[in-house]
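Structural features, examined
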Amino acid sequence: MTTPYTFDHTAYAGTLQTTYAHLADAEESGVDVRVAGRVMLLRTQGKLAFATLRDSSGEIQLFALAARTEDFAEFAKLHLGDWVGVSGEVVRTKRGELSVKVTRWVLLAQAQHNFGDKWAGITDFDLRYRHREADLWANPSSRQSLARRSLVVRAVRERCWAADFTEVETPMLNAIATGAAARPFTTFHNALDSQFFLRIAPELWLKRLVVGGFERVFELGRVFRNEGVSPRHNPEFTMLELYAAYWNYTDMMAFTEELVAGVASDVLGTTDVTYQGRPFSFAAPWPRRTMAELTSAALGEDVSVHTPRERLAALLDERGVSVHESWGAGRCLAELFEETCEETLWDPIFVTDFPVEVSPLARRHQRDPELTERFESYAAGRELSNGFSELNDPLDQRARFEDQARLSDAGDDEAMRIDEDYIRALEWGLPPTAGLGVGIDRLAMLIADEANIREVIAFPTLKPRRD
RNA sequence: GCGCCGGUAGCUCAAUUGGCAGAGCAUUUGACUCUUAAUCAACAGGUUCCGGGUUCAAGUCCCGGCCGGCGCACCA
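Here the structure is a predicted model, which is why all the values come from computation and not from measurement.

On to the confidence of the model for chain A, then. Here chain A averages 94 in pLDDT, and 99% of its residues register 70 or above. Within chain A, the element-level pLDDT minimum falls on helix α11 (residues 394–409), averaging 90, and the maximum on strand β6 (residues 166–167), averaging 98.

Another point: the sheet that holds β6. The strand order across the open sheet formed by eight strands is β6-β10-β11-β18-β17-β16-β15-β14, and the pairing between neighbours is mixed. The open sheet terminates on both sides in strands that have one partner only, identified here as β6 and β14 (288–290). Examined bridge by bridge, strand β17 (residues 382–389) and strand β18 (residues 433–439) share five bridges and lie antiparallel to one another. Note on β18: the bridge partner recorded for Asn386 is Gly437. Contacts from helix α8 (residues 291–299) reach β14 and β15 (349–352) within the one sheet, and its direction differs from that of β14 by about 75°. Where helix α13 (residues 440–448) meets the sheet, its contacts fall on β10 (216–224), β11 (236–245), β16 (374–379), β17 and β18, and the angle it forms with β18 comes to roughly 55°.

It is worth spelling out helix α12 (residues 420–427) at this point. Every buried residue belonging to α12 is among Tyr422, Ile423, Ala425 and Leu426, and all of these are buried. The buried residues of α12 occupy one face: seen down the axis, they fall within an arc of 155°. What points out from α12, more than 90 degrees from its buried face, is the exposed set Asp421, Arg424 and Glu427. Against the buried residues of α12 lie α6 (203–211) and α11. N-cap assignment for α12: the residue whose side-chain oxygen lies 3.1 Å from the backbone N of Asp421 is Asp419. Backbone geometry just downstream of α12 places Gly429 in the positive-phi region, at approximately 105°.

Packing of α8 against helix α10 (residues 329–340) leaves a shortest axis separation of 9 Å and a crossing angle of 55°. Here α8 lies oblique to α10, going by the angle between them. By crossing handedness, the relation of α8 to α10 is classed as left-handed. On α10, the residues touching Met291, Leu294, Thr295, Ala298 and Leu299 of α8 are Leu333, Ala334, Leu336, Phe337 and Thr340. Split into classes, the residues belonging to the contact of α8 with α10 amount to eight nonpolar, two polar and no charged.

Moving on: the protein's contact with RNA strand B. Near RNA strand B lie 52 residues; those nearest to it are Arg95, Lys118, His233, Asn234 and Arg454. Those atoms of RNA strand B that come within 4 Å of the protein belong to sugar or phosphate at a rate of 62%. Note that a base oxygen of RNA strand B is positioned 3.2 Å from one of the backbone N or O atoms of Lys94. Between RNA strand B and Glu97, the relevant distance is 3.3 Å, taken from a base oxygen to a side-chain nitrogen or oxygen of the residue. If you list the elements that add at least two residues to the surface near RNA strand B, you get β1 (28–45), β2 (48–55), β3 (58–65) and α3 (125–130). For the surface near RNA strand B, the element with the most residues is α3, which contributes five residues. Residue composition of the surface near RNA strand B, grouped by class: 18 nonpolar, 15 polar and 19 charged.

Turning to the domain arrangement of chain A, a few remarks are in order. Here chain A is partitioned into domain 1 (13–109) and domain 2 (140–287 + 347–456). A C-alpha centroid distance of 48 Å is found between domain 1 and domain 2.

With that settled, the discussion passes to the sheet that holds strand β7 (residues 173–174). Strand order across the open sheet formed by three strands is β7-β9-β8, with antiparallel pairing between neighbours. Edge positions in the sheet fall to β7 and β8 (186–189), since each of these pairs with one other strand and no more. Judged from the four bridges that link them, β8 and strand β9 (residues 194–198) form a sheet pairing that is antiparallel. The residue bridging Thr186 from the neighbouring strand is Phe197, located in β9.

A few words now on the packing of α11 against α12. Between α11 and α12, the least distance of the axes is 9 Å, while the angle of their chain directions is 160°. As far as their axial angle goes, α12 and α11 are roughly antiparallel. Crossing geometry of α11 relative to α12 is assigned as right-handed. Residue-level contacts link Pro394, Gln397, Arg398 and Phe401 of α11 to Glu420, Tyr422, Ile423, Leu426 and Glu427 of α12. Residue classes in the contact of α11 with α12 are distributed as five nonpolar, one polar and three charged.

As a further point, take the environment of Val100. When you line up the elements, Val100 lands in strand β5 (residues 98–109). When its relative accessible area of 0% is taken as the criterion, Val100 is described as buried. Between the C-alpha atoms of Val100 and Trp346, which are 246 residues apart in sequence, the distance is 48 Å. In this structure Val100 touches Leu16, Val33, Val35, Ile60, Gln61, Leu62, Phe63, Val86, Ser87, Gly88 and Glu89, once residues within four positions along its chain are discounted.

So, about unusual backbone geometry. The omega torsion of the bond from Ala284 to Pro285 falls at 0°, within 30 degrees of zero and hence cis. Here Tyr246, not a glycine, exhibits a phi torsion of approximately 80°, which is positive. Relative to the helices and strands, Tyr246 is located in the loop between β11 and α7 (249–268). Note on Tyr246: relative accessible area 52%, which makes it exposed. For Asp449, which is not a glycine, the phi torsion comes out positive at approximately 55°. For Asp449, the location among the structural elements is in the segment after α13.

By the definition in use, this model includes 26 salt bridges. We note a salt bridge from Arg132 to Glu455, for which the minimum N-O separation is 4.0 Å. Of this pair, Arg132 sits in helix α4 (residues 132–138) while Glu455 sits in the segment after α13, placing them 323 residues apart in sequence. Taken as a pair, Arg132 and Glu455 share a single burial class, namely buried. Between Arg159 and Asp266 there is a salt bridge, with the nearest N and O atoms lying 2.7 Å from each other. Highlighted residues: Arg159 in helix α5 (residues 140–162) and Asp266 in helix α7, separated in sequence by 107 residues. Using a relative accessible area of 32% as the deciding quantity, one classes Arg159 as partly exposed. Judged by relative accessible area, which is 44%, Asp266 ranks as partly exposed.

Cut-off values and rules
- Residue positions within a chain follow its written sequence, with the count starting from 1.
- By the order in which they are written, chains take letters starting at A while ligands take numbers starting at 1.
- Two thresholds apply to this predicted model, a pLDDT of at least 70 for residue-level local features and 80 or more for giving and counting side-chain atom pairs, whereas whole-chain, interface and lining totals are computed over all residues.
- Water and hydrogen atoms play no part in the side-chain values, which are based on all heavy atoms of the structure.
- Per residue, pLDDT captures the predictor's confidence, and it can take any value from 0 to 100.
- Strands are runs of DSSP state E lasting at least two residues, helices are runs of H or I lasting at least four, and both sets are numbered from the N terminus onward.
- For two strands to count as paired, DSSP must find a minimum of two bridges between them.
- In what follows, a contact means two residues having at least one pair of non-hydrogen atoms within 4.5 Å.
- Between the N-to-C directions of two axes lies an angle of 0 to 180 degrees, each axis being a line fitted to C-alpha atoms and, for a helix, fitted only over the stretch in contact.
- Residue burial is assigned from relative accessible area. The probe radius is 1.4 Å, only protein chains are included, and a residue is buried under 20% of its type maximum, exposed over 50%, and partly exposed in between.
- This arc describes the spread of directions from the helix axis toward the C-beta atoms.
- Identification of polar contacts relies on pairs of N or O atoms within 3.5 Å, with a donor-acceptor requirement for protein atoms, meaning one able to donate a hydrogen and the other able to accept it, and with residues adjacent in sequence counted only if both atoms are side-chain atoms.
- An angle below 35 degrees is treated as roughly parallel, one above 145 as roughly antiparallel, one from 65 to 115 as roughly perpendicular, and anything else as oblique.
- Each helix crossing is assigned a hand: it is left-handed if the near helix lies turned anticlockwise from the far helix by less than a right angle, otherwise right-handed if that turn is clockwise.
- Three residue categories are used. Nonpolar comprises Ala, Val, Leu, Ile, Met, Phe, Trp, Tyr, Cys and Pro, charged comprises Asp, Glu, Lys and Arg, and polar comprises the others, including Gly.
- One heavy atom suffices: a residue is near a molecule or strand as soon as one of its heavy atoms comes within 4 Å of it.
- Domain start and end points were adopted from an automatic or database domain assignment.
- Salt bridge, as used here, is a side-chain nitrogen of Lys or Arg placed within 4 Å of a carboxyl oxygen of Asp or Glu.

Written out as structure tokens, the structure is:
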């Protein structure tokens, strides 16, 4: 059968609900509208038929009468899921339901499959994620979470633009996967006869743009990490990275809390949220506490990057963490922090002053060369952002990469590889600069109140069917 | 990668100790001029995820595999 190529609609269901909220029972507005969407429910009653129409804005009832509606018999045989366009008057029925009293209608597309259960919708995770299109029209909450993700991305982008950051795009196909500690995906370019890695972070490229004179840049894009899959990890995810010349990590913390609080406010209209039943507030300012302070408080024992490595290792051992021989005091401190503090950090907080050993791209702390001017923000027990004063000394950067190479030789397959082109870029002069990375999916989870990252990704990575 | 749990009609779910594989909704047919998950009547709908095994008999028990959820590990 042939269906129309266009439908000229003049109203949305949700808008009609607010515009005609005043209409009394059995009152007719005298206004004709054209609406389109999917038939979600159908109730026929002899020479009457009621359908629930859903469009992107909400739902409205369609009211068809044999005496008034063209092709009434066909209308009464619509299937759940069919797309229709209708025209008719906005009325409220005797029973109080705002409706479009259908005079003319057209089938826009047939639904050949249906989900059947009007109450439970689709609950099977496998079906929901593999056929998200069905999930989205069967389950309004799925659509809401993805819509909120979209609003988060939009708000992030607009706030970065408003702060004079230039949006840029850097390569996803890289000869070296660097800028973070993660195992990469590999691929191959035939014409260039070369192996490439999908990027694990855009960090080094972005700083090269700062070297080139883009004083404020950001990139909002996909990164790929060949790691495990979990309710909080998808192999490809979206990251915001942002760099500002002349800022240090203190400036960047101030920007970060304003950005995140602003995004929450833009999307939800408030900075007060409830995540998985537990409230917290994104409102700035967030507390700043050093990693050593928090870890000492959790342990009931003063520790720092200067605590003898043997003592830190013993504390880890007590907690069942196996200590690798290549770990120095800095790595041990960071592990202790993750073990004792991370999950307890519910309200947004900045954890500052990370050891040099675990921060190969961050600038040394002005007061302690064993630390860096680095922060991570935490919320709901999870890392939300990561930022630092950027290391701009090419000699120190080379030494840091060489430390990483030693870790790699010691069997750490996530250690960074030395990037000669990046060191050369630093030799051209990187001004004092602060950088920020924010996991957008994680932020969207918080704002959409979702426990599983897949709920804020339209098509999460699944194992291909093999049957 | 490891552990636990799950997979039954298009969808949501039942099935007692191993004993004829069911219901609601959806689909099909019929009734019905204000329904709201409409209601009522009837018909139809199955490789119980896949492959082996035990048994007179397997959705159910055993072995292997596939996919998913959760936890651990890894990470953001």
